[in-house]
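# Architecture at a glance
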Amino acid sequence: MQRFRGFAASILFAAITILTDPALSGAADPGTVIPTSSEASDQEARSGADLQPLQLWKEARHAHQRDERQRSHRWRRPNVLRRRHDRSRERQGRLSRAAADGEHQGIAVSPNQTGYVVAVAIDFDTGVPLDFNFLSGQAAVVLPNKYRATIPAIALAKLTADNVLSDDGTLAALFLAGTPEAGSYSTVARVLQVTDIPSAQDRTATLVVVNRIGGA
Amino acid sequence: MRPTKTAALLGNFKGSLFSDLGASAAIGTALGTPQFVAELNDGFPAVPNFSSMVPAGHTGSMKLFSPSDIVGVFGAVLYGQSGKPGKKIKDRKVRRPDGGVNMRTLTTTQSASIVIPVRPAICN
């Protein structure tokens, strides 16, 4: 049986140190030119590793509201509501654990936090990544200030059935290299482009979100 | 391999902003987070600033990248309404340019990686 699971990284809006350099305006694109046959430019979700921005604060807020509602009505149907309450806490706990990257840091997802989710197809019994390249998804992003959109997940395909595991078998390395080797997935973007940016003086606001894929 | 602790940081992040008038601006930040979220206004780390690059009635384009080859990224752009919405609900619905898109990939890196924990799936 095949299942998949995801983990998330919770990231806050952080203070940004601005390092400006006028010479950068002429900087050349680094990296490898994307081949026309590559799926990396294809933003249709269709593979083993789905990468998508997600509003974790929204999930946390809704879980909190559910808990509040259930707490206020618990005296009416205690058994049913207690079970729902536990499930919602369990779901929130999974997100929090995911945000803490493996239950180590205990960082809770709270309002005003944003993040992204990496979902990986794994074997149901062993937990190792699978070359099951049929995942798809999208994120309904709703920010508290004027932005709302449905963003499709970005898909990366696992290229071989083999994996690279740690000696004790508790970790798996995913290499976004695009080569037919163990643990390898299709390549990920290094240079991003957006066109047709409207002027902020035309009553149109534009929000840019960039996420790094990586971690150990 | 050590246990998975945190998502990797964006670090130094650079880019270029171009206007339809032919001008270009440099973008540069040092980010201590894995995620960069910024509104395109004069607070955006571009020199010259955004409003002078893309004045009213014009459009622009932008490239973003990390100078490090090991940094794999993906991004999205969300559109909203910056001014005060109209009083009528009908006006707000018509004029509000909601939506968003994933950023287009210009080049890719072959050096990015990520380490995930291996655990059997927890189902119900």
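Analysis parameters
- The written sequence of each chain sets the order in which its residues are numbered from 1.
- All chains are assigned letters beginning at A, and all ligands numbers beginning at 1, according to the order in which they are written.
- Restriction of local features to residues with pLDDT of at least 70 applies here, the model being predicted, together with a cutoff of 80 or more for giving and counting side-chain atom pairs; totals for whole chains, interfaces and linings are based on all residues.
- To qualify as a helix, a DSSP run of H or I must reach at least 4 residues; to qualify as a strand, a run of E must reach at least 2; elements of each kind are numbered from the N terminus.
- Here the C-beta atoms are placed from the backbone, and a residue counts as buried if at least 20 other C-beta atoms lie within 10 Å of its own, exposed if 12 or fewer do, and partly exposed otherwise.
- Working definition of a contact: two residues with C-beta atoms, positioned from the backbone, lying within 7 Å.
- In this description, a nonpolar core means buried residues of the types Ala, Val, Leu, Ile, Met, Phe, Trp, Tyr and Cys, linked to one another by C-beta atoms lying within 7 Å.
- Throughout, the edges of the domains are those of an automatic or database domain assignment.
- Pairs of strands are assigned from DSSP output, requiring at least two bridges between the strands.

Counting its secondary structure elements, chain A contains two helices and twelve strands. When the helices and strands of chain A are listed from N to C terminus, the series reads β-β-β-β-α-α-β-β-β-β-β-β-β-β. Expressed as a percentage of the 216 residues in chain A, the buried residues total 40%. In chain A, once contacts between residues fewer than 6 apart in sequence are set aside, the share between residues at least 24 apart is 69%.

As a further point, take the nonpolar core. Among the nonpolar cores identified, the biggest contains 67 residues, and Leu176(A), Leu192(A), Leu207(A), Val210(A), Ala46(B), Val77(B) and Leu78(B) are the most heavily contacted of them. With seven residues, the single largest contributor to this core is strand β5 (residues 114-123) of chain A. Each of two domains, domain 1 (11-69) and domain 2 (74-105) of chain B, supplies a minimum of three residues to this core. Once residues lying within four places of it in the same chain are set aside, the contact partners of Leu192(A) are Val210(A), Lys63(B), Leu64(B), Phe65(B), Val73(B), Gly75(B), Met103(B), Arg104(B), Thr105(B) and Leu106(B).

Attention now goes to the sheet that holds strand β10 (residues 171-176) of chain A. Spatial ordering of the open sheet is given by β9(A)-β10(A)-β9(B), a layout of three strands whose pairing is antiparallel. Where the open sheet ends on each side, the last strands, each with one partner, are β9 (164-165) of chain A together with β9 (112-117) of chain B.

Turning to unusual backbone geometry, a few remarks are in order. Cis rather than trans, the peptide bond between Val47(B) and Pro48(B) has omega equal to 0°. If you trace the backbone, Pro48(B) turns up in the loop between β4 (46-47) and α1 (50-53). Here the phi dihedral of Asp196(A) falls at roughly 55°; this positive angle occurs in a residue that is not glycine. Locating Asp196(A) in the fold gives a position in strand β11 (residues 188-198).

Taking every second residue as pointing to the same face, the buried face of β10(A) carries Ala172(A), Leu174(A) and Leu176(A), while none of Leu171(A), Ala173(A) and Phe175(A) on the other face is buried. Taken together, the two bridges between β9(A) and β10(A) define a ladder with antiparallel strand orientation. For Val164(A), the partnering residue across the bridge sits in β10(A) and is Ala173(A). With six bridges joining them, β10(A) and β9(B) adopt antiparallel strand pairing. The residue of β9(B) that forms the bridge with Ala173(A) is Val115(B).

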